[in-house]
Amino acid sequence: MRLLFDVGNTHMVIGLFENDFLKTWRIGTKSFETEDELYSHLYSLLSREGISENEIDTVIISSVVPSVNYILEKYASKYFNVEAIFVNATQLKGMELKVDYPREVGADRIVNALALKKYYGNNAISIDFGTAITIDVVYNGDFIGGAIIPGINTQMMALFSKTAKLPQVEFKFLDYTVGKNTIDNIQIGIIKTVVYGIQKLISEIKKEYNTDFKVVLTGGIGRSLKGVIKEFEIYDQYLTLKGLNVYYDLLKGDNK
């Protein structure tokens, strides 16, 4: 049984995998400071599913937060007696990173690209809505780069924290484009410009490579944006966790 960690700047998604996903959880990345605190979080979650520590023999981690990596490493060693496997570009198999500096590609982007290739074909684009929005492009089976955008909530919080009178607003995609009040103005100004900007970017990528890429949304907010424009039709909640499994299988030479 595998325990998978997708560690983001704000939240980490944890998956339990055995032939298929048995359960997933989401906890705050900064909600623990030691391996024992992390254990206290996860012990009750695993216990509710009737899972004991000795059933888990693999811990695989995609992390964009270096400060928690040591804690995760100690957690795997202390409570499962295994060495945590961290995704990194130097051990990547089954795909080339055709970018200027392959070692700089984030672990989350690597596994998203692997999942795209396996589940959606050799020409696909993922849009991962998190603290930052990462757009990853797989072309002819290899990762060729993409784009990084400040996340929607990140932009909203920046506006709220840096202005004296503008309020904090909820995430909502409106069906009109001219706001009649301050909240509408912020929602339209941030959310719609991000969505339509991504739509234009996808159009330009397709034109530049003369390829009809399959587009896949993931990340928490991605679910809310499914279907709002024609490009946003596919939402895959487990894209990154699936990629962690693909990475591990390729690493161990099993790519069934």
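Residues numbered from 1 in each chain as written. Predicted model: local features only at pLDDT ≥ 70, side-chain atom pairs only at ≥ 80, totals over all residues. Heavy atoms only, no water.

1. Description of the overall build of the protein chain
Along the backbone of the protein chain there are seven helices and ten strands. Rg of the C-alpha trace for the protein chain: 19 Å, near the compact-globule value of 18 Å for 256 residues, within the 12% margin. Dimensions of the protein chain, computed from C-alpha atoms along their principal axes, come out at roughly 60 × 45 × 30 Å. Within the protein chain, the proportion of its 256 residues that are buried is 46%. Long-range contacts, defined as pairs at least 24 residues apart, comprise 54% of the intrachain contacts of the protein chain with a sequence gap of at least 6. Averaging the positions of the 28 positive and the 31 negative side-chain charges in the protein chain gives two centres separated by 5 Å. (Helix = DSSP H or I, 4+ residues; strand = E, 2+ residues; numbered from the N terminus. Rg over C-alpha atoms; globule rule 2.2 N^0.38 Å. Buried < 20%, exposed > 50% of the residue type's maximum accessible area, 1.4 Å probe, protein only. Contact = heavy atoms within 4.5 Å. Lys, Arg positive; Asp, Glu negative; His and termini not counted. Charge placed at Lys NZ, Arg CZ, Asp CG, Glu CD.)

2. Thoughts on the packing of helix α1 (residues 35–48) against helix α2 (residues 69–80)
Two elements in contact, α1 and α2, have axes whose closest approach is 9 Å; the angle formed by their N-to-C orientations is 60°. Comparing their axes, α2 and α1 come out oblique. Crossing geometry of α1 relative to α2 is assigned as right-handed. Of α2, the residues touching α1 (which contributes Glu-35, Asp-36, Leu-38, Tyr-39, Leu-42 and Leu-46) are Ile-71, Leu-72, Lys-74, Tyr-75, Lys-78, Tyr-79 and Phe-80. Each residue belonging to the contact of α1 with α2 can be placed in one class, and the counts come to nine nonpolar, no polar and four charged. (Axes fitted to C-alpha atoms, helices over the stretch in contact; angles between N-to-C directions. Parallel < 35°, antiparallel > 145°, perpendicular 65-115°, else oblique. Left-handed = near helix turned anticlockwise from the far one by under 90°. Nonpolar A, V, L, I, M, F, W, Y, C, P; charged D, E, K, R; others polar.)

3. Description of the sheet that holds strand β4 (residues 58–63)
Across the sheet, five strands lie side by side as β3-β2-β1-β4-β5; this open sheet has mixed pairing. In this open sheet, the two strands that pair with only one neighbour each are β3 (20–28) and β5 (85–86). Pairing analysis gives eight bridges linking strand β2 (residues 11–18) to β3, with the strands arranged antiparallel. Following the sheet pairing, Met-12 is matched in β3 by Ile-27. On top of the sheet, α2 reaches β1 (2–7), β2, β4 and β5; it is set at about 170° to β1, its chief contact. (Pairing = 2+ DSSP bridges.)

4. Details of the side chain of Asp-236
In this structure, Asp-236 sits in the loop between β10 (234–235) and α7 (239–251). One polar contact links Asp-236 to Lys-242, side chain to side chain, over a distance of 3.0 Å. Beyond its immediate chain neighbours, meaning those up to four positions away, Asp-236 contacts Tyr-120, Val-216, Leu-217, Thr-218 and Lys-242. (Polar contact = N/O pair within 3.5 Å; in protein donor to acceptor, adjacent residues only side chain to side chain.)

5. Focus: the environment of Lys-242
Inspection of the secondary structure puts Lys-242 in helix α7. In sequence terms Lys-242 and Arg-2 are 240 residues apart; their C-alpha atoms lie 12 Å from each other. Apart from the residues within four sequence positions on either side, Lys-242 is in contact with Phe-21, Ala-115, Tyr-119, Tyr-120 and Asp-236.

6. Digging into the sheet that holds strand β6 (residues 124–129)
Ordered by their spatial adjacency, five strands build an open sheet running β8-β7-β6-β9-β10, and the pairing between neighbours is mixed. Both outer strands of the open sheet, β8 (142–150) and β10, are each paired with one neighbouring strand and no more. Here strand β7 (residues 132–139) pairs with β8 via eight bridges, running antiparallel. Along β8, the bridge assignment pairs Ile-135 with Ala-147.

7. A short note on the packing of helix α3 (residues 107–120) against α7
If you want to describe how two helices pack, look at the angle between their axes and the distance between the axes. Packing of α3 against α7 brings their axes to within 7 Å, and their N-to-C directions diverge by 85°. Judged by the inter-axis angle, α3 sits roughly perpendicular to α7. Contact residues: α3 offers Val-111, Asn-112, Leu-114, Ala-115, Leu-116, Lys-118, Tyr-119 and Tyr-120, while α7 offers Leu-239, Thr-240, Lys-242, Gly-243, Leu-244, Val-246, Tyr-247 and Leu-250. Residue classes in the contact of α3 with α7 are distributed as eleven nonpolar, three polar and two charged.

8. Thoughts on the pattern of salt bridges
Under the criterion given, the structure shown has ten salt bridges. Its salt-bridge partner being Glu-204, residue Lys-200 comes within 3.2 Å of it at the nearest N-O pair. Of this pair, Lys-200 and Glu-204 both sit in helix α5 (residues 182–209), four residues apart, which is roughly one turn of the helix. Take Glu-204: its relative accessible area is 30%, and that puts it in the partly exposed class. A salt bridge links Glu-204 to Lys-207, with the nearest nitrogen and oxygen atoms 3.6 Å apart. Of this pair, Glu-204 and Lys-207 both sit in helix α5, three residues apart, roughly one helical turn. Residue Lys-207 is classed as exposed on the basis of its relative accessible area of 59%. What emerges from the salt-bridge pattern is a single network uniting Lys-200, Glu-204 and Lys-207. (Salt bridge = Lys/Arg side-chain N within 4 Å of Asp/Glu carboxyl O.)

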